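Structural overview
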Amino acid sequence: MTEPSTTQLTVQEIAAALKDKPGALLPILHSIQDTLGYIPPESVADIAKTLNLSRAEVHGVISFYHYFRETPPGKHTIHLCLAESCQAMGNKKLEAHVKSTLGIDFHETTADGKFSLEPVYCLGNCACSPAMQIGKDIYGRVSPQLFDDVIGALGAGE
């Protein structure tokens with residue numbers, strides 16, 4: 001029999017610690033993602049067993065909520081706002097530029113593991129639309145040129 005991986009042990013510890021909370025599945029999933037950065041697909045069986053749920057029930061919750069990832073995120077996660085204010089200020093053009101520049105779509109990570117792209121539906125920066133967030137930094141009035149500058153600076157700092 002093979003020895004459990006560190007990831008598997010982490011998942012089992014989190015699930016055991018939170019299994020008695022009311023509605024434990026969501027707190028467990030959030031804690032796993034906060035700890036590991038994603039929810040490994042191989043962890044679904046352990047979570048299901050701990051909560052006496054089917055694997056389909058656990059997977060259904062993971063796939064329903066856009067927040068949850070099943071692959072490791074890139075070093076930098078770019079949240080691009082798709083809310084109405086940003087739409088009115090040209091985020092479709094920005095979105096096309098971002099996807100083209102990175103060579104990925106939403107919920108994907110660049111091949112080099114540097115950037116992940118996620119949609120978000122409001123960053124609270126409507127007066128400065130279109131907006132994006134990278135890490136804890138929020139950017140307003142984002143143009144394709146500003147995006148390129150920010151990404152270039154992040155890439156150069158590695």
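Scope of this entry: the structure provided in the associated data block. (Residues numbered from 1 in each chain as written. Predicted model: local features only at pLDDT ≥ 70, side-chain atom pairs only at ≥ 80, totals over all residues. Heavy atoms only, no water.)

Section: the environment of Ala 16
Along the polypeptide, Ala 16 turns up in helix α1 (residues 6-18). Sequence separation of Ala 16 and Leu 51 is 35 residues, and the distance between their C-alpha atoms is 9.0 Å. (Helix = DSSP H or I, 4+ residues; strand = E, 2+ residues; numbered from the N terminus.)

Let's talk about the pairing of strand β1 (residues 76-81)
Regular strands place side chains that alternate from one sheet face to the opposite one. Note that β1 and strand β3 (residues 115-120) share six bridges and pair parallel. Opposite Cys 81, over in β3, you have Val 120 as the bridge partner. (Pairing = 2+ DSSP bridges.)

Remarks on the nonpolar core
Membership of the largest hydrophobic core comes to 17 residues, with the highest contact counts inside it found for Ile 28, Leu 29, Ile 32, Ile 47, Val 58 and Ile 62. Elements supplying a minimum of two residues to this core: α1, α2 (25-36), α3 (44-51) and α4 (55-64). What Ile 47 contacts, discounting residues up to four positions off in sequence, is Val 11, Leu 25, Ile 28, Leu 29, Ile 32 and Val 58. If you look at the next biggest cluster of nonpolar residues, it comprises 16 residues, including Ile 78, Ile 104, Met 132 and Phe 147. (Core = buried A, V, L, I, M, F, W, Y, C linked by side-chain atoms within 4.5 Å. Buried < 20%, exposed > 50% of the residue type's maximum accessible area, 1.4 Å probe, protein only. Contact = heavy atoms within 4.5 Å.)

Side note on the environment of Lys 49
Residue placement: Lys 49 occurs in helix α3. As for Lys 49 and Ile 104, which are separated by 55 residues in sequence, their C-alpha atoms are 35 Å apart.

A word on α1
Here α1 contains 13 residues, and its C-alpha end-to-end distance of 18 Å stays within 8% of the 18 Å for a straight helix at 1.5 Å per residue. Among the residues of α1, those classed as buried are Thr 10, Val 11, Ile 14, Ala 15 and Leu 18. Down the axis of α1, the buried side of the element spans an arc of 125 degrees, and every buried residue falls inside it. In α1, those exposed residues whose orientation departs by more than 90 degrees from the buried face are Thr 6, Glu 13 and Ala 17. On its buried face, α1 sits against α2 and α3. (Expected span 1.5 Å × (residues − 1). Arc of directions from axis to C-beta.)

Regarding the pattern of salt bridges
Inspection of every chain in the model, using the stated rule, returns four salt bridges. We note a salt bridge from Glu 118 to Arg 69, for which the minimum N-O separation is 2.7 Å. Pair noted here: Glu 118 is in strand β3 and Arg 69 is in the loop between α4 and β1, with a separation of 49 residues, a long-range link. Across this residue pair, the class does not change: Glu 118 and Arg 69 are buried. (Salt bridge = Lys/Arg side-chain N within 4 Å of Asp/Glu carboxyl O.)

Quick notes on the packing of α1 against α3
Where α1 meets α3, the axes come as close as 10 Å, and the angle between the chain directions of the two elements is 25 degrees. Regarding the angle of α1 to α3, the classification is roughly parallel. Crossing of α1 over α3 shows right-handed handedness. The residues of α3 that touch α1, namely those facing Gln 8, Val 11, Gln 12, Ala 15 and Ala 16, are Asp 46, Ile 47 and Thr 50. Partitioning the contact of α1 with α3 into residue classes produces four nonpolar, three polar and one charged. (Axes fitted to C-alpha atoms, helices over the stretch in contact; angles between N-to-C directions. Parallel < 35°, antiparallel > 145°, perpendicular 65-115°, else oblique. Left-handed = near helix turned anticlockwise from the far one by under 90°. Nonpolar A, V, L, I, M, F, W, Y, C, P; charged D, E, K, R; others polar.)

Examining α3
For α3, the complete set of buried residues consists of Val 44, Asp 46, Ile 47, Ala 48 and Leu 51. In this structure, the buried residues of α3 make contact with α1, α2 and α4.

Brief notes about the sheet that holds β1
Read across the sheet, five strands follow the order β2-β3-β1-β4-β5 without closing on themselves; strand pairing throughout is mixed. Single-partner strands in this sheet number two, and they are β2 (108-109) and β5 (137-139). Across the sheet, helix α6 (residues 91-102) lies against β1 and β3, angled at about 155 degrees from β1, the strand it touches most.

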